[in-house]
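Listed here are the chains, written in short residue letters.
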Amino acid sequence: MSQKRLYIKSYGCQMNVYDSGRMADILKPLGYQLVESPDGADMVILNTCHIREKAEEKVYSDLGRIRPHKDDNMILAVAGCVGQAEGAEIMRRAPYVDIVLGPQTYHRLPEMIARATRSQDKTAGPGRGILDVEFPVESKFDYLPQDHSEVGPSAFIAIQEGCDKFCTFCVVPYTRGAEYSRPAMSIYEEASRLVGGGAKEVTLLGQNVNAYHGDSPKGGEWGLGRLLEHLASIDGLERLRYMTSHPRDMDEELMAAHRDIPQVMPYLHLPIQSGSDAILEAMNRKHTRQHYIEIIEKLRTFRPGIALSSDFIVGFPGETDKDFEDTLDLVRRVGYAQAYSFKYSPRHGTPGALMEDQVPEEVKAERLARLQELLMAQQQSFNDASVGKILPVLFDRKGKREGQLLGKSPYLQSVYVDLPESYFGQCLDIKIEKASSNSLTGRPLN
């Protein structure tokens, strides 16, 4: 079978990165090999994200850059959440696109490619006009290849997908569908294969990963805490992480996993979005500021010193100066090792986009700058506290320069160390000597 060149660009969340890797796995038996540029590629897939601001326009901009390189032999596809939400509009605005598919149908890519390459399907104008954005009854996970094409020291497994929360700012329930949890044995088997291929750290992914309620091997259901315990029994698996969590699904069993399972890293990403009860209610988060604080306090009794991360949205419709001050106050009370913060951007089809009292852009920008200044100061303080400590670091990437490796601490800090490439994939004790707001620098003990 002749080799074909496949270029995939991933936007947004880590789930999309996982999906892109699985699409590459699906297409490998068809002769497709990943390349680093769309130039001369036989197939280009833009795996899109609908969460970030102006997500759709970024996709159209990339499509415009690719169009001059597209010939009759190139298959151009738009996948992911923008494809799901804007499929017909993409076909209208960019008719040279051959395939548009959603995040639940990429297991059908070989069938779509077969249709796209049949001459009789080249009748919809410049592209092939194939649109597949259904929510199929069957789970795509049942149709994915067992083997991963590339396995590094850090690997990812999607264990849960979709969302039933319907926050008023979010498109995920409309683009990813209802919550679905994979059976525990399927996850265990995939994790075992990844560890057998060289992975030492596995991150479990889901839109609401701690809402996991998958079938257990002997009947009934397991929550995420029980699943983590089962995965920790895999010989050679040194680290377990999970993201992204929702406060409503943070139970004691999961908190206890941070205390009782050595492989579970002392780090939790738990988005709150706002520190104001009025805004949390408008967002339909179905939890209060106090509920969130109580979760954090209880978690810290289970795992003292745990590092916390969160997401924040400023300028949600109706947000007053007092609401924003409540957010700053919550950040000061909790203390974060890192966090992500954004200006509210209306998403078509969500209730938030129809709300009155939209906050002016200049107010959003000023609030975001103040919030990010506080969050960055906390991140710098957390990293400064690491100086002089000895941390186990798993090296999973090359550094910025020759003779340097980049790894992760248990607290998900980036750590740069001068080491030869032969140490790639190893976990070493590193003495931290220097800290910036974004990374640490250290040296091996020996």
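Keep in mind the model is a prediction, meaning the values are calculated, not measured.

(A) View of the overall build of the chain. From N to C terminus, the chain includes 12 helices and 21 strands. The C-alpha atoms of the chain give a radius of gyration of 23 Å, which matches the 22 Å a tight globule of 446 residues would have. Taking the principal axes of its C-alpha atoms as reference, the chain extends roughly 65 × 55 × 50 Å. Taking all 446 residues of the chain together, 55% fall into the buried category. Accessible surface for the chain amounts to roughly 19,500 Å². Of this, 48% is attributable to carbon and sulfur atoms.

(B) Spatial organisation of the packing of helix 6 (residues 184-196) against helix 7 (residues 224-231). Running from amino to carboxyl end, helix 6 crosses helix 7 at an angle of 35°, the nearest separation of the two axes being 10 Å. Two packed elements cross with a definite hand, and for helix 6 against helix 7 that hand is right-handed. In this structure, helix 6 uses Ala184, Met185, Ile187, Tyr188 and Ala191 to contact helix 7, whose residues at the interface are Leu227, His230 and Leu231. Here the contact of helix 6 with helix 7 is composed, by residue class, of 7 nonpolar, 1 polar and no charged.

(C) Looking closely at the sheet that holds strand 10 (residues 201-205). Reading across from one edge, 7-10-13 is the order of the 3 strands in this open sheet, with parallel pairing throughout. The open sheet has two free edges, formed respectively by strand 7 (154-158) and strand 13 (239-243), since each of these has just one partner strand. Direction aside, neighbouring strands of the sheet carry axes that sit 25° apart on average. Looking at chain direction, strand 7 and strand 10 are connected through 5 bridges and run parallel. The partner of Ile157 across the bridge, within strand 10, is Leu204.

(D) Fine view of the side chain of Arg182. Note that Arg182 resides in the loop between strand 9 (180-181) and helix 6. A distance of 2.8 Å separates a polar atom in the side chain of Arg182 from the backbone oxygen of Ala158. A polar contact of 2.8 Å, which involves the side chain of Arg182, links it to the side chain of Glu190.

(E) Representation of the sheet that holds strand 21 (residues 439-444) in the model. In spatial order, the strands read 17-18-19-21-20; together these 5 strands close into a barrel with mixed pairing. Direction aside, the axes of adjacent strands within the sheet are offset by 55° on average. The sheet contact formed by strand 17 (residues 390-398) and strand 18 (residues 404-408) spans 4 bridges and is antiparallel. Residue pairing across strands places Phe395 opposite Gly407, the latter belonging to strand 18.

(F) A look at the confidence of the model for the chain. Residue-level pLDDT values for the chain average 91, and 94% of them are 70 or greater. Contacts for the low-pLDDT stretch residues 119-125, under 50 throughout, to residues beyond four places or in other chains number 7 contacts.

(G) Broad picture of the packing of helix 8 (residues 252-260) against helix 10 (residues 289-302). Axis separation between helix 8 and helix 10 bottoms out at 8 Å; the angle between their running directions is 40°. For the pair helix 8 and helix 10, the sense of crossing is right-handed. Here helix 8 contributes Glu252, Met255, Ala256, His258 and Arg259 to the contact with helix 10, which in turn contributes Ile295, Lys298, Leu299 and Phe302. The residue makeup of the contact of helix 8 with helix 10, split by class, is 5 nonpolar, 1 polar and 3 charged.

(H) Structural context of the pairing of strand 4 (residues 75-79). In terms of burial, strand 4 is largely enclosed, as 5 of its 5 residues are buried. The two faces of strand 4 match: Ile75, Ala77 and Ala79 on one face and Leu76 and Val78 on the other face are all buried. The pairing of strand 3 (residues 43-48) with strand 4 spans 5 bridges and is classified as parallel. Residue pairing for strand 4: Asn47 is matched across the bridge by Ala79. Following the backbone out of strand 4, through helix 3 (residues 80-93) and into the adjacent parallel strand 5 (residues 99-101), one traces a crossover that is right-handed.

(I) The pairing of strand 1 (residues 4-10), seen in detail. In the sheet, strand 1 pairs with strand 2 (residues 32-34) via 3 bridges, with the strands oriented parallel. Counted as the bridge partner of Leu6 is Leu34 from strand 2. As for the winding sense of the linkage, the β-α-β connection from strand 1 through helix 1 (residues 14-27) to strand 2 is right-handed. In the sheet, strand 1 pairs with strand 3 via 5 bridges, with the strands oriented parallel. Among the inter-strand pairings, Tyr7 is bridged to a residue of strand 3, identified as Val44.

(J) Representation of unusual backbone geometry. A cis amide bond links Met243 to the next residue, Thr244, at an omega of 5°. For Thr244, the location among the structural elements is in the loop between strand 13 and helix 8. Not every positive phi belongs to a glycine, and Gln273 is a case in point at roughly 80°. Within the secondary structure, Gln273 is located in the loop between strand 14 (267-269) and helix 9 (277-282). Look at Gln273 and you get buried, because its relative accessible area is 8%. Of note in the backbone geometry, Asp357 takes a positive phi value of approximately 60° without being a glycine. With respect to the element layout, Asp357 can be found in the loop between strand 16 (338-343) and helix 12 (361-384).

(K) How the structure looks around the environment of His291. Take His291: it is sitting in helix 10. Considering only alpha carbons, one finds His291 and Pro351, 60 residues apart in sequence, at a separation of 24 Å. Look past the residues within four positions of His291 in its chain and what remains in contact with it is Pro247 and Arg248.

(L) Structural view of the packing of aromatic side chains. For the structure shown, the criterion picks out 4 aromatic pairs. Ring centres of Phe166 and Tyr174 lie 5.7 Å apart, and the angle between their planes is 75°; on these two criteria the pair is classed as edge-to-face. On the basis of relative accessibility, which here comes to 41%, the residue Phe166 falls in the partly exposed class. On the numbers, 5.6 Å between centres and 80° between planes, the contact of Phe312 with Tyr336 is edge-to-face. With Phe312 in strand 15 (residues 307-314) and Tyr336 in the loop between helix 11 (321-334) and strand 16, this pair connects stretches of sequence that are 24 residues apart. As far as burial versus exposure is concerned, Phe312 and Tyr336 are alike and both buried.

Conventions used here
Residues numbered from 1 in each chain as written. Predicted model: local features only at pLDDT ≥ 70, side-chain atom pairs only at ≥ 80, totals over all residues. Heavy atoms only, no water. Helix = DSSP H or I, 4+ residues; strand = E, 2+ residues; numbered from the N terminus. Rg over C-alpha atoms; globule rule 2.2 N^0.38 Å. Buried < 20%, exposed > 50% of the residue type's maximum accessible area, 1.4 Å probe, protein only. Areas by Shrake-Rupley, 256 points an atom, 1.4 Å probe, with all protein chains shown as cover. Axes fitted to C-alpha atoms, helices over the stretch in contact; angles between N-to-C directions. Left-handed = near helix turned anticlockwise from the far one by under 90°. Contact = heavy atoms within 4.5 Å. Nonpolar A, V, L, I, M, F, W, Y, C, P; charged D, E, K, R; others polar. Pairing = 2+ DSSP bridges. Polar contact = N/O pair within 3.5 Å; in protein donor to acceptor, adjacent residues only side chain to side chain. pLDDT = per-residue confidence, 0-100. Right-handed = clockwise from strand over helix to strand, strands pointing away. Phe/Tyr/Trp six-rings, centres within 6.5 Å; stacked < 30°, edge-to-face > 60°.

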